[in-house]
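Here is what each chain is made of, one letter per residue.
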Amino acid sequence: MQYRTLGRTGVQVSSLTLGAMNFGALGQLTQADATALVDAALEGGINVIDTADHYSNGESEEQLGKAIAGRRDDIVLATKAHLPMGEERNHQGSSRRWLMTAVEDSLRRLDVDHIDLYQIHRWDPRTSDEETLSALTDLQRAGKIRYFGSSTFPAYRIVQAQWAARANHLGRYVTEQPGYSILQRGIETHVLPVTQEYGMGVLVWSPLDSGWLTGAVRENRAITTNRATVLPERFDPAVPANQAKMAAVEKLAALAEASGLTMIQLALGFVTAHPGVTSAIIGPRTLGHLRTQLDAADTVLSADILDAIDEIVAPGTDLAPHEKFDTTPSLLEPALRRR
C-alpha cells in the first residue's frame, strides 16, 4: 500500500480508501459482511474509510460504527452530509440549521466523538458559502470534526468557496471528492488543476466506473455486476455513451493483457498515478472483490502505458458526462434560471 499526505493537513492516508456506500440495504450487506470488509481492508493497509449519512438512510454509518469499535483511532474516518434524510424539507442541504443536526446524528450512528473528515456531499445553490463554512468552522472549533471538504463540486464553486473562506476568516475545504476513472476524465480539465492550486487532497469515487473497468463487462458477455441491477440505464447497450464505453473497454482490456495487468490494476493504477489524486475510493461488496482491488494497490503504470490510455480515452474527456453529478444546478432545475 502507498501512503500520501492528505492535501496540506499532514495526515497520512492510504492510496486506496474503503467506501462504505454498499454497507446496509443498498448493497444488501449484513453487519457481519461489513465488519469482515473493514477487517480485511485494515489488514491490507487501508487506513481511510468513507461513508455518508444518506447511504441506506444512515444504516451504512451504523454498520461502520460497529465495525470499527475498539480501533477508531487507527482510522481516518470520513462521512458526508447534504443529501435528503427523510421527507422533511429541511432535513437536507448545507444550512447551519441542518449541519448542526446532521453532524450529531452521524456521530451517534458512528458511535464516535469526532469525525476526521466531514464533507458536503453536493454544492447547495440555495445556501451561501459563508453560511456553510461558518457552521463547519464552528463544528471544527467545537471538536466535532477535524477537517472538512467538498464532494462533486464544480471547479468554479471550489474556487468561490476558497475565496469565501479567506474573505470571512473561516476554515476552508481541505479536500474534494470527485468522480474519476479512465472512462470519465473530465475533472482533469478544471477540477484537478484547481485542487492542486489550493493544495487540496482529492479522494476520487468510482475509479472502476461502476464495474465497467473490473474486467466483468465485455462485448458479447452477460453483465453480472450488481450496479447493472441498481442502475440498468448505465449498461443499456442502446445508449450511445455506453457504446463508446464498451469500445474503449475492449481496447483497454487488450492493453491490460499485453502489459501483464488485470483491468483492475490498470484502472486503479491510472487514477492514483495523477499527481493531483490522493486516494481512490473502492466500494467492494464481497471479500473477493476487495482482495482483487487490494492486489492493485501498489500498481505503478509506466509512461508508455499511460500514453496508450491517452490514445484510447483522450485527457479531459468524459465518455458519459451525464453521469458525473456535477452539472450546474441551473441547467437541471428550471426554477433556478427563470423568474
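Residues numbered from 1 in each chain as written. Predicted model: local features only at pLDDT ≥ 70, side-chain atom pairs only at ≥ 80, totals over all residues. Heavy atoms only, no water.

As annotated in an unreviewed UniProt entry, the chain carries the name Aldo/keto reductase and comes from Nocardia vermiculata.

### A few points about the overall build of the chain
Put simply, the test is: The helix and strand labels rest on DSSP assignments: H or I over at least four residues marks a helix, E over at least two residues marks a strand, and numbering proceeds from the N terminus. Under the scheme applied here, a residue whose accessible area is under 20% of the maximum for its type counts as buried, over 50% as exposed, and between as partly exposed, the area being computed with a 1.4 Å probe on protein chains only. Should any heavy atoms of two residues lie within 4.5 Å, those residues are considered in contact. Residue-level accessible areas treat just the shown protein chains as cover; the underlying method is Shrake-Rupley with a 1.4 Å probe. Positive charges come from Lys and Arg, negative ones from Asp and Glu, while His and the chain ends are left out of the count. Every charge is mapped onto a representative atom, which is NZ of Lys, CZ of Arg, CG of Asp or CD of Glu.
Scanning the chain for helices and strands turns up twelve helices and ten strands. Expressed as lengths along the three principal axes of its C-alpha atoms, the size of the chain is roughly 55 × 50 × 40 Å. Here the chain, with 339 residues, has 54% of them falling under the buried criterion. Put simply, of all contacts in the chain between residues at least 6 apart along the chain, 78% involve residues at least 24 apart. Taken as a whole, the chain presents about 14600 Å² of accessible surface, with 50% of it coming from carbon and sulfur. Positive and negative side-chain charges in the chain, numbering 32 and 41 respectively, have mean positions lying 5 Å apart.

### Looking at the pattern of salt bridges
Inclusion rule: Here a salt bridge means any side-chain nitrogen of Lys or Arg lying within 4 Å of a carboxyl oxygen belonging to Asp or Glu.
Applying the stated criterion to the full structure yields 14 salt bridges. Note that Glu323 and Lys245 form a salt bridge whose closest N and O atoms lie 3.0 Å from each other. With Glu323 in the loop between α11 (303-312) and α12 (329-332) and Lys245 in helix α8 (residues 240-258), the pair connects residues that are 78 residues apart, well separated along the chain. Lys245 carries the same exposure label as Glu323, and that label is buried.

### Quick word on the side chain of Asp116
The following threshold applies: Under the rule applied, a polar contact is a pair of N or O atoms within 3.5 Å (in protein, one hydrogen donor and one hydrogen acceptor; residues adjacent in sequence only if both atoms are side-chain atoms).
Along the chain, Asp116 turns up in strand β6 (residues 115-120). With relative accessibility at 12%, the residue Asp116 sits in the buried group. At a separation of 3.0 Å, a polar atom in the side chain of Asp116 contacts the side chain of Arg72. Once residues within four sequence positions are removed from consideration, Asp116 is found in contact with Arg72, Ile75, Val76, Leu77, Arg146 and Tyr147.

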